[in-house]
Each structure stands twice: as structure tokens, then as C-alpha cells.
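A closer look at the structure
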Amino acid sequence: MKVVPRSLDPQTAVLREYTRLAPEYDTRWSFYVATTVRETLRRLEVRPGDKVLEIGCGTGALLEQIRRGHPEVHLTGVDPCVEMLARARGRLGGSVELTEAWAEWLPFEPGSFDAVVICNVFHYLHQPRTALGQAARVLRRGGRLLITDWCDDYLACKVYDWFLRLFNAAHYKTYGSRACARLLAEADFADVRIDRYKINWLWGLMAASAQKPLGPPTASAEPDFAGRLHALWTPRVVPAAAAS
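Residues numbered from 1 in each chain as written. Predicted model: local features only at pLDDT ≥ 70, side-chain atom pairs only at ≥ 80, totals over all residues. Heavy atoms only, no water.

What follows is about the overall build of the protein. Regarding its fold elements, the protein presents nine helices and seven strands. Counting over 244 residues, the protein shows a buried share of 53%. Once local pairs closer than 6 in sequence are excluded, the contacts in the protein between residues at least 24 apart make up 71%. Accessible surface computed for the protein: about 11500 Å², of which carbon and sulfur atoms make up 55%. (Helix = DSSP H or I, 4+ residues; strand = E, 2+ residues; numbered from the N terminus. Buried < 20%, exposed > 50% of the residue type's maximum accessible area, 1.4 Å probe, protein only. Contact = heavy atoms within 4.5 Å. Areas by Shrake-Rupley, 256 points an atom, 1.4 Å probe, with all protein chains shown as cover.)

As C-alpha cells, then:
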């Protein structure tokens, strides 16, 4: 495994790692991607006409399966890595809106989506409270958030998290179920549910679901990183012509 030097800033580290991985991502991590997509779909609640956003959509594997199982929903994906988005566009064609954007600043109006999904991304978020605030902002009231990620409650994940924190600048933190529930509660989400499970004898994941309350929020998201991104960088929509 090639590690990303700790001297890099987090955003540069993430982009460098996934620019390098993009050509081989789906084949190299095929079991992991297929398993997490399947487990996420089992827990995703959507209805005809819903608008669904995936944050960190990567090569579009989850969006492809949502489209296949729920052709009547409107799908949007964001990812900061244009190379991963190009792979997603090749897979999805023009039926899904794909935009270059970070989780900490989403270029959408408040209340734009009925569901937000974050799959295999949360351990990379160096500003998790800001990202959750952004997810809450773009959700309609009563909309649901679903997170699939590694779970620090399992020993293998705990050890690997420790290793990556030392040697990989792209990685930030793997959360246990209680820590994840606390972050969601601090972001004013309600009806928080955490489901832990193993995908093989070694590796454990969790699915965290929560609802944006029907009433007005009581707290606001952290503005610093999101404001800095907004000032310095404009997200790009990846057109169908970008597919190779």
C-alpha cells in the first residue's frame, strides 16, 4: 500500500490519492465497493420523485445501483476528484447530475434534497461537523441522511485507523457508533439509528441514519472551511462530454 505523506494538506492529500486510484479503483476494491453498495441500498429509504444526493460519489457505483432499483428518483453526485467523476460519468451517462464539490461546501440551495447519502467517505472528512451541517442544510425538513463507513468499535478498524493517522494525510478519523451518534446529535439531526455489522471475519462497518427535524434548527454549521472554499474555488458540473 502506498501512503500519502503527512506533510500534505488534507485536501491535496485526498485529491492526490484518488487521482492515482481512479483508473483501478473499481477493480482493486471490487469486493468492498460491492458490499458497501449493497448494505447501503438495504437501508436507503426513497420514494418515487425523491431527489437524492450522494456526497463523495467516486466512480458512481452506488448511484448506478440506486438508478437501477429506483429509476423514478432524481440523482445528484458530488466529489472533489475530477478523475473519479469522469469515471462516474462514463458509467452513468447524462442521466445523473455530477458536480465537483467538497462535502464541506455543497453548491445547492437549502432544502434541495429528500435524502443525502455519504458512503465510504466519512473517515476522510477533516471537518465532519461542517460536512454534517452542509448535509442538513441541503436536506428538506423531514429528509433523511444515511452514512455508511468504517466502525471503530471493531478492533481491525481501530488498528488501521491508528496506522493511517500516522502515515496517510488523506485519512482523518474512524468513528465508533457512539461518537458518530454524538456528531449527528450535535448537528441537530433527530431519530438517529446506528447499525453495526461485519462484512467478513475481520472488517466491520456501521450504517448511521438520521432525520432532519421538521422544526427550525437550533444550531448552525461551522463556517470557516466552507467559507474559505466558497471564496477560493467554484465547483464545476461535469458534463456528459467529459466521459472518455
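Moving on, we get to helix α8 (residues 177–186). Of all the residues in α8, the buried ones are S177, C180, L183 and L184. One side of α8 carries all its buried residues, which in axial view fall inside an arc of 125°. (Arc of directions from axis to C-beta.)

Of all residues in the protein, 85% have pLDDT values of 70 or greater, and the mean over the chain is 89. pLDDT under 50 marks residues 219–235. Its contacts with residues more than four places away, or in other chains, come to 25 contacts. (pLDDT = per-residue confidence, 0-100.)

Considering the arrangement of structural elements, one finds T59 in the loop between β1 (51–55) and α4 (61–69). Residue T59 is classed as buried on the basis of its relative accessible area of 3%. Those residues in contact with T59 that sit more than four places away from it in its chain are Y25, D26, M84, R87, A88 and R91.

What follows covers the pattern of salt bridges. A complete count under the given rule lists 15 salt bridges for this structure. Across the salt bridge formed by D191 and R144, the nearest N and O atoms sit 3.2 Å from each other. Of this pair, D191 sits in strand β6 (residues 190–198) while R144 sits in strand β5 (residues 139–150); the two residues are 47 residues apart in sequence, bridging distant segments of the chain. According to the relative accessible area criterion, D191 is partly exposed, its value standing at 37%. Judged by relative accessible area, R144 falls into the buried class, the value being 13%. Linked by salt bridges that have partners in common, R38, E39, R42, R43 and D195 make up one network. (Salt bridge = Lys/Arg side-chain N within 4 Å of Asp/Glu carboxyl O.)

Turning to unusual backbone geometry, a few remarks are in order. The phi angle at D188 is positive, at roughly 70°, despite the residue not being glycine. If you trace the backbone, D188 turns up in the loop between α8 and β6.

The seven strands lie next to each other as β3-β2-β1-β4-β5-β7-β6, forming an open sheet whose pairing is mixed. Across the chains shown, the open sheet's two edge strands, defined by having one partner strand only, are β3 (97–100) and β6. Strand-to-strand twist of the sheet, defined as the mean angle between neighbouring strand axes without regard to direction, takes the value 15°. Sheet strands in contact with α4 are β1, β2 (74–79), β3 and β4 (113–119), and its direction is about 180° off that of β2. Contacts from helix α6 (residues 128–138) reach β1, β4 and β5 within the one sheet, and its direction differs from that of β5 by about 145°. (Pairing = 2+ DSSP bridges. Axes fitted to C-alpha atoms, helices over the stretch in contact; angles between N-to-C directions.)

Okay, the nonpolar core next. With 75 residues, the main nonpolar core has L53, I55, V116, L145 and L184 as its most contacted residues. Per-element accounting of this core gives the leading share, six residues, to β4. Look past the residues within four positions of L145 in its chain and what remains in contact with it is V116, I118, L132, A135, L139, L184, F189, A208, S209 and A210. (Core = buried A, V, L, I, M, F, W, Y, C linked by side-chain atoms within 4.5 Å.)

Let us look at the side chain of D161. One can find D161 in helix α7 (residues 155–167). If sequence neighbours within four positions are ignored, D161 has contacts with D152, H171, K173 and T174.

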